[in-house]
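Listed here are the chains, written in short residue letters.
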Amino acid sequence: MSQAEQVTATGSAGGPEAPPRPRSPLWAPPRPRNPLWTLGLLRSELTTLLRRHRTFALLGVLAAVPVLIGIAVRIETGGGGGGAGGTDGGAGPAFLAQVTNNGLFLVFASLAATLPVFLPMAVGVVAGDAIAGEASSGTLRYLLVAPAGRTRLLLAKYASVLTFCLVATLVVAASALAVGALLFPVGEVTTISGTRISFGEGLVRAGLAAAVVALSLTGFAALGLFVSTLTGSGIGAMAATVGLLITVQILDSIPQLSGVHAYLFPHYWMSFADVLREPVHWDDLVKNFQLQGLYVAVFGSAAWARFTAKDITA
């Protein structure tokens, strides 16, 4: 055998035979996804959402509502104490009657004033734009090129919308608390039941009311996310989501349709007022949570089914 043949056979002249080079398999099992990628994706979505000028504009409008309510009540009453009425309803006007006696009631009054329209409209804008906005701007395909997966991207989008629900509600409550403490006296709180609790416990009840309001928007947020998966137009998805909100609000106000009211997502929204009763009335609160959970399950599943089977072209 020639020296060249020996080198070929042994890998080097006089040396040991080199091991064969491994061949790349035609199919390799997928690598396990790093959970840190999911956290990074969520962090990226939250950062993008909270840095948008539109988000600041929506939060600014929401923060201005308690200011306008507080100034209007202050001008109307001349800073004097109002009557002690409004302990039987728990709605916006009932809370307004108590604002001049205790500025903490401005938190409840502002939540009651913004919940029917302003808060859900802001959530509808964010939820409707979550997927459709990415498609209309041409960035959705680039998001899916990264090893995120459609399911995890959808979950990250929904988590960012839920975060906005909480932030928006806290902005309203914080603005109302600051304005109420500045324009009106604060102290012990008279509950809807007529009992008195300390100011500290009243603050806890106000925080609980804000949390209930944020949870009340979760079902509508899932509905808006589903609408966002149906179209590639961000403006169209936002308009459709807000249109659905107005339509359902109208249906909920028609007495002849009382048989279906309990199944409409805004029907138990005002149940947050029950946290200001002594003791807290949980019946409508539990019904509200169950209804929102149903909407999240139904429309969240519909959004997942639509988005995972959708042909992404933009």
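It should be noted that the structure appears before, not after, this text.
The structure presented is a predicted model; accordingly, all values stated were derived computationally and were not measured.

Visitor: Help me out: how do you make sense of the packing of aromatic side chains in this one?
Guide: Each aromatic ring pair is described using two quantities: the centre-to-centre distance and the angle formed by the ring planes. In this structure the tally under the stated criterion is six aromatic pairs. A ring pair is formed by Phe220 and Phe265, whose centres lie 5.3 Å apart and whose planes are at 25 degrees; its orientation type is stacked. Of this pair, Phe220 sits in helix 10 (residues 218–228) while Phe265 sits in the loop between helix 12 (258–261) and helix 13 (283–309); the two residues are 45 residues apart in sequence, bridging distant segments of the chain. As far as the burial class goes, Phe220 and Phe265 line up, both buried. Ring geometry for Phe265 versus Trp269: centroids 5.7 Å apart, planes at 50 degrees, classification tilted. Here the aromatic cluster, defined as three or more aromatic residues joined through ring pairs, consists of Phe220, Phe226, Phe265, Trp269, Tyr295 and Phe299. Geometry around Phe307 places Arg150 over its ring, the cationic atom sitting 5.9 Å from the centre.

Visitor: Which parts of the structure should I look at to understand the environment of Ala302?
Guide: With respect to the helices and strands, Ala302 occurs in helix 13. Residues Ala302 and Thr229 lie 73 residues apart in sequence; the distance between their C-alpha atoms is 9.3 Å.

Visitor: Is there a simple way to think about the environment of Thr308 in this case?
Guide: Assignment of secondary structure puts Thr308 in helix 13. With relative accessibility at 29%, the residue Thr308 sits in the partly exposed group. Residues Thr308 and Arg150, spaced 158 residues apart in sequence, show a C-alpha to C-alpha distance of 6.0 Å. The contacts of Thr308, once residues within four sequence positions are left out, are Arg150 and Thr151.

Basis of the calculations
- Residues numbered from 1 in each chain as written.
- Predicted model: local features only at pLDDT ≥ 70, side-chain atom pairs only at ≥ 80, totals over all residues.
- Heavy atoms only, no water.
- Phe/Tyr/Trp six-rings, centres within 6.5 Å; stacked < 30°, edge-to-face > 60°.
- Helix = DSSP H or I, 4+ residues; strand = E, 2+ residues; numbered from the N terminus.
- Buried < 20%, exposed > 50% of the residue type's maximum accessible area, 1.4 Å probe, protein only.
- Lys NZ or Arg CZ within 6 Å of the ring centre and 35° of its normal.
- Contact = heavy atoms within 4.5 Å.

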